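# Commentary on secondary and tertiary structure
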Amino acid sequence: MPNKPIGCGFKFYALVDYETKLFIDFLLENGSFTAAGASNKDWGIAGEIVLALIACLASHVWYVLFMDNWYTTVQLAAELFRRGFGMVGTYRTDRKPHLTEISLNAFKPTARVPKGSTRIAHNESGTVVVYQVMDNRAVTIVDNYYDSNDPFELIRVERHSIIKNALNVPIGLANYNAKMGGADAVGSIKSGHYSFENIRTTKWNLKFDEVLLGFYMTQGWVIYRDIHGTDDREDFQLDVILYFMNHRYFNRSRSSSSSSSSSSSSSSSSSSSAICSSTNKQHYPIQTPEGSGPLKSGFPTKKRYRARCKAGCIEHYAGGSSGSRSTNWYCVLCKQFLHPGKCFDSFHDNKNALSIKADSKIIEIERNFKVKP
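Residues numbered from 1 in each chain as written. Predicted model: local features only at pLDDT ≥ 70, side-chain atom pairs only at ≥ 80, totals over all residues. Heavy atoms only, no water.

Looking now at the overall build of the protein. Scanning the protein from terminus to terminus reveals eight helices and 15 strands. Here the protein holds 373 residues, and 35% of them are scored as buried. Within the protein, residue pairs in contact and separated by at least 24 positions form 48% of the contacts whose partners lie at least 6 positions apart. As presented, the protein carries roughly 22,900 Å² of accessible surface, and 51% of it is formed by carbon and sulfur atoms. (Helix = DSSP H or I, 4+ residues; strand = E, 2+ residues; numbered from the N terminus. Buried < 20%, exposed > 50% of the residue type's maximum accessible area, 1.4 Å probe, protein only. Contact = heavy atoms within 4.5 Å. Areas by Shrake-Rupley, 256 points an atom, 1.4 Å probe, with all protein chains shown as cover.)

Given below as structure tokens:
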């Protein structure tokens, strides 16, 4: 993939709702779209990709598609109109057919071609309109949905100035500026917060899983933000962690053993979960915050504070070193250091253990680092 920071990887084509920023559909570039396969189509490979992406949408509902110049052709706009889809997209002037009849013959604004200058043309059937508008540079738009004679006042601020100019441009261009970029917005969220591209690995399956996980996390955050009306990513991340941890540690049956008269023992299953009867709150493990560990040469580090597991770890980590018996995880309600998993379960299965006094070091860490479980 030329002009990309990472030359080799997985390439996806995405259809994104420009209002909600949610994926409607996406396709993996697997070599199925070829020039030979699109040779008998006027709209080429890019058009075939667009038609494959909208296959999940009902026709003649007049969904409006906004796309960049890699996909846009006059032939594709005509085909989408026939199928009942609107389309607005920028057009490459070097792409055939060369639309010389709408050319302003200028790349940037001049005295002869000032900002706001527009030239418009239609295809033979009149279903597609193509126009070139002079903004900061000449922009060519292919439109099969909006009325090109319906002007829109676009406010532009002169560079290195506070002077505002009003340009009358076709409403299709104004809507393109406002609504184009749904896929870019999703990519920005993914690369800024849920990107795993920098993880070094030569295993293609791990890289593929990381790409899909980035998609899922991005979509989850967009839905969470809209439902809860918050921009706090920490709340979302904590809820995701608790969701997975609840499925791992709590939403399963626990077994309790009872001794019989002989040396053998039989186990009976119980579905008890770690719920505090007095507060009706759930016990779950969290980590001590970064920087709570020991100082190095009098300066804090990113290490987390660790202490010996209260469950003992003798049964679960038999033969391990003393370091394996310490952990930076603790129960949010009991305030006891516990390994997640067997140690956590065995500690809470013991009813007497729940009455143990909270660890003063955990209380001190939560107070100093303002931990909000």
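Moving on from the coordinates now.
All right, on to the pairing of strand β6 (residues 129–134) then. Across the six residues that make up β6, a large majority, six, are buried. What you see with β6 is no split at all: Val129, Tyr131 and Val133 on one side and Val130, Gln132 and Met134 on the other are buried throughout. Two strands pair when backbone bridges link them, and strand β5 (residues 118–122) and β6 are joined in this way by five bridges, in the antiparallel orientation. By the bridge assignment for β6, Thr118 is matched with Val133. Linking β5 to β6, which pair antiparallel, is a turn of six residues; within it Gly126 sits at a positive phi near 80°. (Pairing = 2+ DSSP bridges.)

So, on to the pattern of salt bridges. If you walk through the whole model with that rule in mind, you get four salt bridges. A salt bridge links Arg304 to Glu290, with the shortest nitrogen-to-oxygen separation between them at 3.8 Å. Of this pair, Arg304 sits in the loop between β12 (285–287) and β13 (307–308) while Glu290 is found in the loop between β12 and β13, placing the two residues 14 residues apart along the sequence. Note on Glu290: relative accessible area 47%, which makes it partly exposed. (Salt bridge = Lys/Arg side-chain N within 4 Å of Asp/Glu carboxyl O.)

Membership of the largest hydrophobic core comes to 23 residues, with the highest contact counts inside it found for Met67, Leu76, Leu80 and Val142. Counting residues per element, the ones that place at least two in this core are β1 (12–16), α1 (44–53), β3 (64–67) and α2 (74–83). Ranked by residues supplied to this core, first place goes to α1 with five residues. Setting aside residues up to four positions removed in sequence, Val142 forms contacts with Thr72, Thr73, Val74, Ala77, Met87, Val88, Gly89, Tyr91, Val128, Val129 and Val130. Counting residues in each nonpolar core, the second largest holds 15 residues, with Val133, Leu167, Val169 and Leu173 among its members. (Core = buried A, V, L, I, M, F, W, Y, C linked by side-chain atoms within 4.5 Å.)

Turning next to the layout of surface pockets. Here the second largest pocket defines a volume of roughly 750 Å³. Looking at the second largest pocket, it is lined by 21 residues, and the ones nearest its centre are Leu238, Ile241, Gln287, Val371 and Lys372. Listed by contribution, the elements that provide at least two residues to the lining of the second largest pocket are α6 (233–249) and β12. With seven residues, the top contributor of residues to the lining of the second largest pocket is α6. The residue makeup of the lining of the second largest pocket, split by class, is eleven nonpolar, three polar and seven charged. (1 Å grid on protein atoms, 1.4 Å probe; cavity = no way out; pocket = protein on both sides within 12 Å on 5 of 7 lines; lining within 4 Å. Points joined across faces, edges and corners; volume = space filled by probe spheres on them. Nonpolar A, V, L, I, M, F, W, Y, C, P; charged D, E, K, R; others polar.)

Picture the strands of a sheet paired through backbone hydrogen bonds; they go either parallel or antiparallel. Ordered by their spatial adjacency, five strands build an open sheet running β3-β4-β7-β6-β5, and the pairing between neighbours is mixed. Looking along the sheet, the strands with just one partner apiece sit at the ends: β3 and β5. Neighbour-to-neighbour, the strand axes of the sheet open up by a mean angle of 15°, direction not taken into account. Here β3 runs beside strand β4 (residues 86–90); their pairing, made up of four bridges, is parallel. What sits directly across from Phe66, in β4, is Val88. (Axes fitted to C-alpha atoms, helices over the stretch in contact; angles between N-to-C directions.)

Before going further, it helps to spend a moment on helix α8 (residues 360–369). Within α8 the residues assigned to the buried category are Ile362, Ile365 and Glu366. Each buried residue of α8 lies within a common arc of 95° when the element is viewed along its axis, so the set occupies one face. Exposed residues lying more than 90 degrees from the buried face of α8 are Ser360, Arg367 and Asn368. With a side-chain oxygen positioned 2.8 Å from the backbone nitrogen of Lys361, the residue opening α8 is Asp359. Looking one or two places after α8, you find Lys370, whose phi comes out positive at around 55°. (Arc of directions from axis to C-beta. Polar contact = N/O pair within 3.5 Å; in protein donor to acceptor, adjacent residues only side chain to side chain.)

Here we take up the confidence of the model for the protein. Overall, the prediction assigns the protein a mean pLDDT of 76, with 76% of residues at 70 or greater. In the predicted structure, residues 275–280 sits below a pLDDT of 50 and forms seven contacts with residues beyond four places in sequence or in another chain. (pLDDT = per-residue confidence, 0-100.)

This part covers the packing of α1 against α2. Viewed as axis vectors pointing N to C, α1 and α2 meet at an angle of 25°, and their least axial separation amounts to 10 Å. Here α1 lies roughly parallel to α2, going by the angle between them. The crossing of α1 and α2 is right-handed. In this structure, α1 contributes Gly47, Val50 and Leu51 to the contact, and α2 contributes Leu76, Glu79, Leu80 and Arg83. Partitioning the contact of α1 with α2 into residue classes produces four nonpolar, one polar and two charged. (Parallel < 35°, antiparallel > 145°, perpendicular 65-115°, else oblique. Left-handed = near helix turned anticlockwise from the far one by under 90°.)

For the rest of this paragraph, the subject is helix α5 (residues 204–228). Taking 1.5 Å of rise per residue, the 25 residues of α5 would be expected to cover 36 Å, and the 36 Å separating its terminal C-alpha atoms lies within 8% of that figure. Taken residue by residue, α5 has Glu210, Val211, Leu212, Gly214, Phe215, Met217, Thr218, Gln219, Trp221, Val222 and Tyr224 as its buried positions. Residue Gly229 follows α5 closely and has a positive phi angle near 60°. (Expected span 1.5 Å × (residues − 1).)

Moving on, we get to the side chain of Gln132. Along the polypeptide, Gln132 turns up in strand β6. A polar side-chain atom of Gln132 sits 2.8 Å from a polar atom in the side chain of Thr140.

Turning our attention to the state of the cysteines. Counted by the stated rule, this structure contains zero disulfides. Take Cys334: it sits in no disulfide, and the sulfur closest to it among the cysteines is that of Cys331, at 3.7 Å. (Disulfide = S-S within 2.5 Å.)

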